[in-house]
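# Chains, contacts and geometry: an overview
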Amino acid sequence: MVPYFMIKSFLILIIFPIFLFSSQQIILVVADDFNTNKAILQFFEDDKVLVKAEVNLGTNGLGWGIGEIELLHKSNEALKYEGDKKSPAGIFKLTDIFGYSYESNYKLPYLHASKNLICVDDSDSNFYNAIIEANGNEKSFEFMKRSDYQYKYGIFVAHNKNAKRQRGSCIFLHIQKDVNSSTAGCTSMDEYSLKKIISLLDKNKNPILIQIPKSSLKEIQKLYPQLKFNRRPHHHQTYLPSL
């Protein structure tokens, strides 16, 4: 009898290249290690870098999240849990854009953040890790229409999309509070960089987020050889080559 782990590995080798090459848009976020709350972002379309910026991670760095496939990691490396103030590490689909404006012309589905729209972070709720209209019965949630500008524009990260209990919820790419402000678990950046990314994202190009510590970079570059990571941001600002 063939061992289960060999079957699993074989299936991954068959399935993963299909997922790899269907992703023409990749946001690569690389942190120095699991404990830092700063990272470098590069937006790739095929092998071209269209946006580059320094970003803020969770206050407590990274923890392995639940994404499209489980990457190699050591048993002593942290997992992502609800309320741990860690951003999820892994490979995640980018599914939707949200914002304060009523209308948009984006190439990903768009959701208007009305005053009653919430994301549920109560792990015991049937709507855990879901965006819903508030009905007054929710125990723990966050409003998608905030009193500040941080959710003026944002992107949904499909982390823990099956809502596994206590494994983390409501993960977004959004506008930073300021250049040195870490997050509760999201990834934040300057408004100009985020607006540029949102304008480029296209559902037909299967956009994904790869968010990892530097120790996982070689594994990712074997899977995605077109990703050429450059650690240095351009004066800590967005880099935009000619389009």
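For the structure, see preceding data.
Residues numbered from 1 in each chain as written. Predicted model: local features only at pLDDT ≥ 70, side-chain atom pairs only at ≥ 80, totals over all residues. Heavy atoms only, no water.

## A word on the overall build of the protein chain
For the protein chain, the count of helices and strands is 3 helices and 13 strands. In the protein chain, which comprises 243 residues, the share counted as buried stands at 47%. Look at the contacts in the protein chain between residues 6 or more apart in sequence, and 65% of them connect residues 24 or more apart. If you sum the accessible surface of the protein chain, you get close to 12900 Å²; carbon and sulfur atoms cover 53% of it. (Helix = DSSP H or I, 4+ residues; strand = E, 2+ residues; numbered from the N terminus. Buried < 20%, exposed > 50% of the residue type's maximum accessible area, 1.4 Å probe, protein only. Contact = heavy atoms within 4.5 Å. Areas by Shrake-Rupley, 256 points an atom, 1.4 Å probe, with all protein chains shown as cover.)

## A short note on the pairing of strand 13 (residues 208-213)
Burial analysis of strand 13 places 6 of its 6 residues in the buried class, which makes it a mostly covered element. Of the two faces of strand 13, the one lined by I208, I210 and I212 and the one lined by L209, Q211 and P213 are each fully buried. Here strand 1 (residues 25-31) runs beside strand 13; their pairing, made up of 6 bridges, is parallel. Directly across from A31, in strand 13, lies its bridge partner P213. Here strand 5 (residues 87-99) pairs with strand 13 via 4 bridges, running antiparallel. Looking at the pairing, G90 lines up with Q211 of strand 13. (Pairing = 2+ DSSP bridges.)

## Re the side chain of T183
Structurally, the position occupied by T183 is in the loop between strand 11 (172-175) and strand 12 (187-189). Its relative accessible area of 8% is what places T183 among the buried residues. Of note is the side chain of T183, whose polar atom sits 2.7 Å from the backbone oxygen of C186. Residues contacting T183, with those up to four places away along its chain left out, are N56, L57, G58, T59, K85, S87, H174 and S188. (Polar contact = N/O pair within 3.5 Å; in protein donor to acceptor, adjacent residues only side chain to side chain.)

## Topic: the packing of aromatic side chains
Within the structure shown, the criterion is met by 8 aromatic pairs. Ring centres of F34 and W64 lie 5.8 Å apart, and the angle between their planes is 65°; on these two criteria the pair is classed as edge-to-face. Of the two residues, F34 sits in the loop between strand 1 and strand 2 (38-45) while W64 sits in strand 4 (residues 62-64), which places them 30 residues apart along the sequence. Here the two residues F34 and W64 agree in accessibility, since each one is buried. Taken together, a centroid distance of 5.7 Å and an interplanar angle of 50° make the contact between Y106 and Y110 tilted. What makes Y110 partly exposed here is its relative accessible area of 23%. Ring pairing ties together the aromatic residues F98, Y151, F156 and F172, which thus form one cluster. The lysine or arginine in question, K145, covers the ring of Y100, its NZ or CZ lying 5.5 Å from the ring centre. Over the ring of Y151 we find R146; its NZ or CZ atom is 4.7 Å from the centre of that ring. (Phe/Tyr/Trp six-rings, centres within 6.5 Å; stacked < 30°, edge-to-face > 60°. Lys NZ or Arg CZ within 6 Å of the ring centre and 35° of its normal.)

## A few points about the state of the cysteines
All told, the structure shown has 1 disulfide when counted by the stated rule. The disulfide partner of C119 is C170, and the S-S distance across this bridge is 2.1 Å. Taking the sign of the S-S torsion, -100° for the link of C119 and C170, the bridge is left-handed. In this pair, C119 is assigned in strand 7 (residues 117-120) and C170 in the loop between strand 10 (153-157) and strand 11, connecting sequence segments 51 residues apart. Of the two residues, C119 and C170, both sit in the buried class. (Disulfide = S-S within 2.5 Å.)

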